[in-house]
Amino acid sequence: MERFDNLPEMDLMRSEKMSSVQLIMPVESAQRAVLYLGDLGLLQFQDLNADKSPFQRTFVNQVKRCGEMSRKLRFFKDQIHKAGLMSSARPPLQPDLDLQELEVLLAEHEHELIEMNNNSEKLRQTYNEMLELKMVLQKAVGFLVSSNGHSAAEETELDDRVYSNGDYADSDYADTASLLEQEMRPGPSNQSGLRFISGIISKAKVLNFERMLFRATRGNMLFNQAPTDEQIVDPVSTEMVEKIVFVVFFSGEQARTKILKICEAFGANCYPVPEDKTKQRQLMREVLSRLSELEVTLDAGIRQRNNALSSIESQLPKWTNMVRREKAVYDTLNMLNFDVTKKCLVGEGWCPIFAKPQIQEALQRATFDSNSQVGIIFHAMDAVESPPTHFRTNRFTSAFQEIVDAYGVARYQEANPAVYTIVTFPFLFAVMFGDWGHGICLLMGALFLIARESKLGSQKLGSFMEMLFGGRYVLLLMSLFSIYCGLIYNEFFSVPFHIFGLSAYKCRDTTCSDATSIGLVKVRDAYPFGVDPSWRGSRSELPFLNSLKMKMSILLGVTQMNLGIILGYFNARFFRSSLDIRYQFVPQMIFLNSLFGYLSLLIIIKWCTGSQADLYHVMIYMFLSPFEDLGENQLFWGQGFIQIILLSAALVAVPWMLFPKPFILKKLHSERFQGRTYGILGSSEMHLDMEPGSAREHHEEFNFSEVFVHQMIHSIEFVLGAVSNTASYLRLWALSLAHSELSTVFYEKVLLLAWGYDNIFIRLVGLVVFAFATAFILLMMETLSAFLHALRLHWVEFQNKFYHGDGYKFRPFSFALLSDDDD
């Protein structure tokens, strides 16, 4: 939403004024018009066919074609990813294709790749079989004994020189399948009834396999196994699998049938091994020759497949974008209806009023480019439903708008809290996180993200990094305000500094050896800016900082809640709702400021006068004993009388909020339907909460009991919320104190303690522990904690005073907003 050129001045407080529009487009120019509107991204279409299933839409076949092309493109992308191809070169320029030509081209490439994959899979399967046969021949020979009674030790393994000898037995040996496809002749061992089956099985299955063979043959078998020297690639999972070569000796045809069935059930591959040593050598030569040929063929196939994938990969982004755009266009066309003549498509939607000239220009260009004889009709229309909400944002304000929208999208033309959140959110965060050393660390991270903005913005990041990058300007302001608050607190990794001059205090003891117990004495004017560094380590440090931060939290909370109520006034004034001003804004301001505004005033007076009055006592007995003399807790003349007036005003404000508004609404409703507005046809009184011209008037049945209960809930919620929300702002004090004390613990109990040893290793360990604790606990966990608490203060304590958040976001048809999930 940043690419608007020559736009009129925008109102940051209110959403853009929207207009309900209707388009009547000739069929021949509809597709091009929607295409241009997608490039513009300023019109939100309404689905006029919501009652129809996707298969009942007009352009369902075109959507299916685009979906099929998207499937093929995803297939190409998966194949390129599996092949590990990364193209850094710029793709060669190729002529533009229309959708039909691209469909034919993608079908050809898919057919070619599928055929290559099938051939490669068959070759890989054959290669694996040859490799397994080679392993079986190498390992199983040692298990075989001759039928003449010779021991296995007398049988030698195959000589390696035979395997590497390229001079084969005879020239007509070219028929390599001769021995591989022969059925093994029964050797001498068969004459005595002893037979064997050799094969290979996965290592994970060999134990259960042996047990099953033993049970099936009732122990009448001999099972020998040996691990292979290398692993084999599984053609299905493409993972390396360990295999075991086995030889099973048995007797009888029935046992042979059982063993073969068990081998099949366990996925064991059986291979014939001749007993004759000459045939073994000949078969080994044959297997090695076949393996060599298959390796050459596989390498050639992989090179050919990679070349085809490289040519596809160079054009894949362009094709994907084209198909995605076409599919989005047809999905949008499916939201439109034909007119009675079946020659025009009718669409309805919403657009910002400022965008009407740009939309009309795009429609005129679509009519000209499509050579249509009839122009596109574009005009405003009335609408029953409320318009969508649209705020124009840029890369700086978009993150703050997202923070507000996460709670709820603003009602149409409602005051936008994001304008104030830009300042208040990072400031309240900094009140809890105040340390200018930690703030500098956050600032460096924010500046790094902003400096790499162009590079990181074009990359696909993880969910956490994407969220962090999106909030880079929020992080920037949080760090700047943290530095500011840290200077006020005078904390740099919990260490105070005399930055702005000399301290106003000195130790009572001349040596300052026991300042913690004896305390400080004031010798000069107050420290120019922030907290005096001499408070650190004194016996009054914690009571002083507790009192300061707690009262400061109340002041900030009451100020922000008053801002929320004032924004509610501007909402009521904008929507011309005098009832909300008289019976909601006024009593709310009276109630809040009669109690907590008065408390804030007492805090400021106490700071200015240096009084020792107990404000807890003042506020509690203001309710319990309002006529009792304040005594030493009196801060100014006439305080008791003013407290009685304020308490009475707060008590009056509660029924003021509760009763008048429901009864006045009931009276207006009865007058409206008792003939007062029936005099002139078509002139009806607008609803008090509805902006004129935003949508057609829609009256619902008036239910007094429902309105009264709703007003009662709202009043009780405000009264109780005024107390609980003020107390909730004390989290500013609590988290600020916790952050400061935790930082002090790491500094004193880790860094200083390690630095007290005269050992470089201990010092280095202490420095590393301090750095990790600072980075992971104070800069990550504490940052997240303060962020969440600031979020809560805005969503609950601030926005509930004026913000309804029941609108819906303006989602224009825009190609720029399409994601990979839309393929």
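For clarity, every value in this text was computed on a predicted model and none was experimentally measured. Here the residue numbering is sequential within each chain, running from 1 through the sequence in written order. Under the rules for a predicted model, residues below a pLDDT of 70 receive no local features and side-chain atom pairs below 80 are neither given nor counted, while totals for whole chains, interfaces and linings still include all residues. For side-chain calculations, the full set of non-hydrogen atoms in the structure is used, while hydrogens and water are omitted.

A short note on the overall build of the chain
- Looking only at helices and strands, the chain has 25 helices and 13 strands in total.
- A simple rule labels every residue: compare its accessible area, found with a 1.4 Å probe on the protein chains alone, to the largest value its type can have, and call it buried under 20%, exposed over 50%, or partly exposed in between. The buried share of the chain, reckoned over its 823 residues, is 42%.
- Contact definition: two residues touch when any of their heavy atoms are within 4.5 Å. Sequence-distant contacts, at least 24 apart, represent 81% of the contacts inside the chain between residues at least 6 apart.
- Residue exposure ignores everything except the shown protein chains as possible cover, and the areas themselves are Shrake-Rupley values with a 1.4 Å probe. For the chain, the computed accessible surface area is about 45000 Å², with 58% contributed by carbon and sulfur atoms. Under the scheme used here, helices are H or I runs from DSSP no shorter than 4 residues and strands are E runs no shorter than 2 residues, and both carry numbers assigned from the N terminus.

What to know about unusual backbone geometry
- Backbone geometry places Lys 342, a non-glycine residue, at a positive phi of 65 degrees.
- Mapped onto the secondary structure, Lys 342 falls in the loop between β9 (337-338) and β10 (344-352).

Some remarks on the pairing of β10
- Of all the 9 residues making up β10, 8 are buried; the element is thus mostly covered by neighbouring parts of the structure.
- We treat two strands as partners when DSSP finds at least two bridges between them. Pairing analysis gives 9 bridges linking strand β1 (residues 18-26) to β10, with the strands arranged antiparallel. Residue pairing in the sheet places Ser 19 in a bridge with Cys 351 of β10.
- Here strand β2 (residues 44-45) runs beside β10; their pairing, made up of 2 bridges, is antiparallel.

Observations regarding helix α13 (residues 436-451)
- Take the number of residues in a helix, subtract one, and multiply by 1.5 Å to get its expected span. With 16 residues, α13 ought to run about 22 Å at 1.5 Å a step, and its terminal C-alpha atoms sit 22 Å apart, in line with that.
- Turning to α13, its buried residues number three or more, namely Trp 436, Gly 437, His 438, Gly 439, Leu 442, Leu 443, Ala 446 and Leu 449.
- The inward-facing, buried residues of α13 contact α12 (418-433), α14 (453-457), α15 (463-470), α16 (472-489), α24 (731-755) and α25 (760-798).
- Identification of polar contacts relies on pairs of N or O atoms within 3.5 Å, with a donor-acceptor requirement for protein atoms, meaning one able to donate a hydrogen and the other able to accept it, and with residues adjacent in sequence counted only if both atoms are side-chain atoms. Among the residues of α13, the N-terminal cap falls to Asp 435, whose side-chain oxygen and the backbone nitrogen of Gly 437 are separated by 2.9 Å.

With respect to a nonpolar patch on the surface
- Two distance rules govern patches: like charges are joined within 9 Å, and nonpolar side chains (Val, Leu, Ile, Met, Phe, Trp, Tyr) within 5 Å, applied only to residues with over 30% relative accessible area and no salt bridge. The salt bridge criterion pairs a side-chain nitrogen of Lys or Arg with a carboxyl oxygen of Asp or Glu, the two atoms within 4 Å. Among the surface-exposed residues, Trp 755, Leu 764, Leu 767, Val 768, Phe 772, Phe 776, Met 780 and Met 781 lie close enough to one another that they form a single nonpolar patch of about 820 Å² accessible area.
- It is α25 that provides the largest number of residues to the nonpolar patch, a total of 7 residues.
- Topologically, Phe 772 is positioned in helix α25.

Examining the side chain of Ser 479
- Summarising the element assignment, Ser 479 is placed in helix α16.
- Setting aside residues no more than four positions away along its own chain, Ser 479 makes contact with Gly 439, Leu 442 and Leu 443.

Considering the pattern of salt bridges
- Considering all chains together, one arrives at 21 salt bridges under this definition.
- Salt-bridge contacts for Arg 195 lead to Glu 253; the nearest nitrogen and oxygen are separated by 2.8 Å. Taken together, the residues span a long stretch of sequence, with Arg 195 in strand β3 (residues 195-202) and Glu 253 in helix α8 (residues 253-265) at a distance of 58 residues.
- The exposure class assigned to Arg 195 is partly exposed, which follows from its relative accessible area of 25%.
- Owing to a relative accessible area of 44%, Glu 253 belongs among the partly exposed residues under this scheme.

Description of the packing of helix α7 (residues 206-216) against α8
- Here α7 crosses α8 at 155 degrees, and the two axes come no closer than 10 Å. Overall, the two elements α7 and α8 adopt an arrangement that is roughly antiparallel. Seen from above, α7 lies across α8 with right-handed handedness. Here Phe 209, Met 212, Leu 213 and Ala 216 of α7 come into contact with α8, specifically with Lys 258, Ile 259, Ile 262 and Cys 263.
- By residue class, the composition of the contact of α7 with α8 is 7 nonpolar, no polar and 1 charged. Lines fitted to C-alpha atoms define the axes, with helix axes restricted to the stretch in contact, and inter-axis angles between N-to-C directions lie between 0 and 180 degrees. Any angle from 65 to 115 degrees is called roughly perpendicular, while one under 35 is roughly parallel, one over 145 is roughly antiparallel, and all others are oblique. Should the near helix be turned counterclockwise from the far one by less than a right angle, the crossing is left-handed, whereas a clockwise turn marks it as right-handed. Any residue that is not Ala, Val, Leu, Ile, Met, Phe, Trp, Tyr, Cys, Pro, Asp, Glu, Lys or Arg is counted as polar, Gly included; the first ten are nonpolar and the last four charged.

Remarks on the packing of α13 against α25
- Running from N to C, α13 and α25 point in directions that differ by 80 degrees, and their axes come no closer than 11 Å. Relative to α25, the element α13 is oriented roughly perpendicular. Together, His 438, Cys 441 and Leu 442 of α13 and Thr 774, Leu 778, Leu 779 and Thr 783 of α25 make up the contact between the two elements.

Observations regarding the state of the cysteines
- Two cysteine sulfur atoms form a disulfide, by the criterion used here, when they sit within 2.5 Å. Under the defined criterion, the tally for this structure stands at 0 disulfides.
- Cysteine Cys 270 is unpaired, with the sulfur of Cys 263 as its nearest cysteine sulfur at 3.7 Å.
- Taking the relative accessible area as the measure of exposure, Cys 270 reaches 32% and is therefore partly exposed.

Digging into the packing of aromatic side chains
- Planes of paired rings set the category: under 30 degrees apart is stacked, over 60 is edge-to-face and the rest tilted, where pairs are Phe, Tyr or Trp rings (Trp by its six-membered ring) whose centres lie within 6.5 Å. Tallied over the full model, the rule gives 36 aromatic pairs.
- Ring-pair connections join several aromatic residues into one group, and the members of that group are Tyr 407, Trp 795, Phe 798, Phe 802 and Tyr 803.
- Placement of a positive charge over a ring is assigned whenever Lys NZ or Arg CZ falls within 6 Å of the ring centre and within 35 degrees of the normal to the ring plane. Residue placement shows Arg 14 over the ring face of Phe 574; its charged tip is 4.4 Å from the ring centre.
- Here Arg 763 stacks its cationic end above the ring of Trp 755, 5.2 Å away from the centre of that ring.

Here's the deal with helix α20 (residues 615-624)
- Every buried residue of α20 is listed here: Leu 615, Val 618, Met 619 and Met 622. Take α20 and look down its axis: the buried residues cluster within an arc of 90 degrees, on one side only. Looking at α20, the residues exposed on the side facing more than 90 degrees away from the buried face are Tyr 616 and Leu 624.
- For α20, the elements touching its buried residues are α19 (578-609) and α21 (639-658). Starting at the helix axis, one direction is taken to each C-beta atom, and the arc is that of these directions.

Things to note about the sheet that holds strand β4 (residues 222-227)
- Taken in spatial order, the 4 strands of this open sheet run β4-β7-β3-β8, and their pairing is antiparallel. Of all the strands in the sheet, just β4 and β8 (269-270) have a single pairing partner and so form its edges.
- The pairing of β4 with strand β7 (residues 243-250) spans 6 bridges and is classified as antiparallel. Its bridge partner lying in β7, Leu 222 is registered against Phe 249.

Some details on the environment of Phe 500
- Following the sequence through the fold, Phe 500 ends up in the loop between α16 and β12 (505-507).
- The exposure class of Phe 500 is partly exposed, given its relative accessible area of 34%.
- The spatial distance from the C-alpha of Phe 500 to the C-alpha of Pro 528 is 6.3 Å, given a sequence separation of 28 residues.

Section: the confidence of the model for the chain
- The pLDDT value expresses, per residue, how confident the predictor is, ranging between 0 and 100. Counting all residues, the mean pLDDT for the chain is 84, and 86% of those residues have values of 70 or more.
- Below pLDDT 50 for its whole length, residues 145-192 participates in 52 contacts with residues either more than four positions away or in separate chains.
- This stretch, residues 676-698, has a pLDDT under 50; its non-local contacts, to residues over four places away or in other chains, come to 41 contacts.

Describing the side chain of Ser 29
- Within the secondary structure, Ser 29 is located in helix α1 (residues 27-40).
- In contact with Ser 29, other than residues within four places in its own chain, are Ala 366, Ser 370, Ser 372 and Ile 376.

What about the environment of Asn 128?
- Following the sequence through the fold, Asn 128 ends up in helix α3 (residues 99-140).
- Looking at Asn 128, the relative accessible area reads 7%, which means it is buried.
- Along the backbone, Asn 128 and Val 233 are 105 residues apart, and their C-alpha atoms lie at a distance of 7.6 Å.

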